[in-house]
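# Tertiary structure, described
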Amino acid sequence: MVSSANTRSIPLFIASLSSSLSGTFSLGIGGSIPNYKNIMELPFTCILGLTLLLSISPSSHAQIANAPAFSPTPAPAPAPDFVNLTDLLSVAGPFNTFLSYLESTKVIETFQNQANNTEEGITLFVPKDGAFTSQKKPSLSNLTDDQLKSLCLFHALPHYYTLADFKNLSNMSPVSTFAGGEYNVNFTDITGTVHLSSGWTNTKVSSSVHSTDPVAVYQIDKVLLPEAIFGTDIPPTPAPAPAPDISPAADSPTGGSEAGSSATASKPSSSPKLSSSWSHLVLAASSGLLVVLL
């Protein structure tokens, strides 16, 4: 392909060639007919320009006229949809009590930033409203603002996990929560059901509310109580009430009377023996009287 610089120099070559040939190839009056010697005496630049003109093809002109096409820059990948945790927890659930704690402690803002502005995502374990109403001891009303904030952070992991991921987490227990430090949770996968233990609390994931990267929200049946707040003096879990013993059926009065009457009936009577003794005595007396009379 001929560059634009070469294209611009073509008229110069043509002008030089015309100037050189004006005297050599003059055919006017008094002119001379060119011969081989005249042609050989042509300047080198004229010969080079003639060669260049002959080498330019129509396709070359087309390539010079058309500017090179550049491939378009690929469009950036669309950003993931913004997840509003407040709207999500308001619609799902009932999670009103937990949401009120998140808003009063400003933890909802921390979770919102983790969900939408990081590559790790977030996993939330949300107790339903009934879990708070059934929570008697220890009471959450005695917690300080910092303890309540740590309790809320204790219900989240700073990474997005699907239900299938918890099988691997059960081998890594205990797992650090969003609260960090000593706020750890143990996971156990039992035939596909995820169980959580915080020392004070033993619960399970009862349903999956939302599970789309980068946010996962799972419902749990109890409030997670961390040992870092309530201590390690965990009251023992009450043993299940023993099943009532089934005592053998008592003898009925009728049966007792029947047994007594049977015993009485089977007991030999003393009256036949007494009558037999009297008969022998009478017989002996009668025999003695008879001997006396004889």
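Residues numbered from 1 in each chain as written. Predicted model: local features only at pLDDT ≥ 70, side-chain atom pairs only at ≥ 80, totals over all residues. Heavy atoms only, no water.

Structurally, the position occupied by Thr 201 is in the loop between strand E5 (193-197) and strand E6 (202-212). On the basis of relative accessible area, Thr 201 is assigned to the buried category, the value being 3%. Distance in space between the C-alpha atoms of Thr 201 and Val 223 is 7.2 Å, their sequence separation being 22 residues. Excluding its chain neighbours within four sequence positions, the residues that come into contact with Thr 201 are Leu 196, Lys 222, Val 223, Leu 224 and Leu 225. Within the local environment of Thr 201, its side chain forms a polar contact with the backbone oxygen of Val 223, the two atoms lying 2.8 Å apart. (Helix = DSSP H or I, 4+ residues; strand = E, 2+ residues; numbered from the N terminus. Buried < 20%, exposed > 50% of the residue type's maximum accessible area, 1.4 Å probe, protein only. Contact = heavy atoms within 4.5 Å. Polar contact = N/O pair within 3.5 Å; in protein donor to acceptor, adjacent residues only side chain to side chain.)

Another point: the confidence of the model for the protein. For the protein, per-residue confidence averages 74 on the pLDDT scale, and residues scoring 70 or more make up 53% of the total. Predicted confidence in the protein is weakest over helix H12 (residues 253-266), with a mean pLDDT of 46, and strongest over strand E2 (residues 156-157), with 98. Predicted confidence is poor over residues 24-29, with pLDDT under 50, and the contacts of this stretch with residues over four places away or in other chains come to 9 contacts. Confidence over residues 289-294 falls short of pLDDT 50; this stretch has 0 contacts with residues more than four positions distant or in other chains. (pLDDT = per-residue confidence, 0-100.)

Now for the pattern of salt bridges. Pairing between side chains of opposite charge can happen when their charged atoms approach one another. The tally for this structure, following the rule as stated, stands at 1 salt bridge. Taking the shortest distance from any N to any O, the salt bridge between Asp 221 and Lys 128 comes out at 3.8 Å. Here Asp 221 is found in the loop between strand E7 (215-220) and helix H11 (227-230), whereas its partner Lys 128 is found in the loop between strand E1 (122-127) and helix H8 (129-133), with 93 residues between them in sequence. Lys 128 sits in the partly exposed class, given a relative accessible area of 30%. (Salt bridge = Lys/Arg side-chain N within 4 Å of Asp/Glu carboxyl O.)

On to helix H7 (residues 107-117), then. Inspection of H7 places Val 107, Ile 108, Phe 111, Gln 112, Gln 114 and Ala 115 among the buried residues, and these make up the whole buried set. One face of H7 carries all of its buried residues, which in axial projection span an arc of 165°. Turned more than 90 degrees off the buried face of H7, the exposed positions are Glu 109 and Asn 117. Buried residues in H7 make contact with helix H5 (85-91), helix H6 (96-104), E1, helix H9 (145-153), E2 and E7. (Arc of directions from axis to C-beta.)

Residues Phe 111, Phe 125, Phe 166, Phe 187 and Leu 196 are the most contacted members of the largest nonpolar core, which totals 50 residues. If sequence neighbours within four positions are ignored, Phe 187 has contacts with Phe 125, Leu 157, Phe 166, Leu 169, Ser 170, Ser 173, Val 175, Val 194, His 195 and Leu 196. (Core = buried A, V, L, I, M, F, W, Y, C linked by side-chain atoms within 4.5 Å.)

Below, the discussion takes up the side chain of Ser 198. Within the fold, Ser 198 resides in the loop between E5 and E6. Since its relative accessible area comes to 5%, Ser 198 is described here as buried. A polar contact of 2.8 Å, which involves the side chain of Ser 198, links it to the backbone oxygen of Leu 225. Not counting chain neighbours up to four residues away, the residues in contact with Ser 198 comprise Phe 154, Leu 224, Leu 225 and Glu 227.

Looking now at the packing of H6 against H7. Contact geometry of H6 with H7 gives a least axis separation of 5 Å together with a crossing angle of 90°. The pairing of H6 with H7 is recorded here as roughly perpendicular in orientation. Facing H6, whose interface residues are Leu 99, Leu 102 and Glu 103, H7 presents Val 107, Ile 108 and Phe 111. The class makeup of the residues in the contact of H6 with H7 is 5 nonpolar, no polar and 1 charged. (Axes fitted to C-alpha atoms, helices over the stretch in contact; angles between N-to-C directions. Parallel < 35°, antiparallel > 145°, perpendicular 65-115°, else oblique. Nonpolar A, V, L, I, M, F, W, Y, C, P; charged D, E, K, R; others polar.)

Turning our eyes to something else, we now look at the sheet that holds strand E4 (residues 184-190). Read from one edge of the open sheet, 7 strands run E2-E1-E7-E6-E5-E4-E3, paired in mixed fashion. The open sheet has two edge strands with one neighbour each: E2 and strand E3 (175-176). As paired elements, E1 and E2 share 2 bridges and run antiparallel to each other. Looking at E2, one finds that Leu 124 is bridged to Ala 156. Here H7 sits on the sheet and contacts E1, E2 and E7; the angle it forms with E1, its principal contact strand, is near 140°. (Pairing = 2+ DSSP bridges.)

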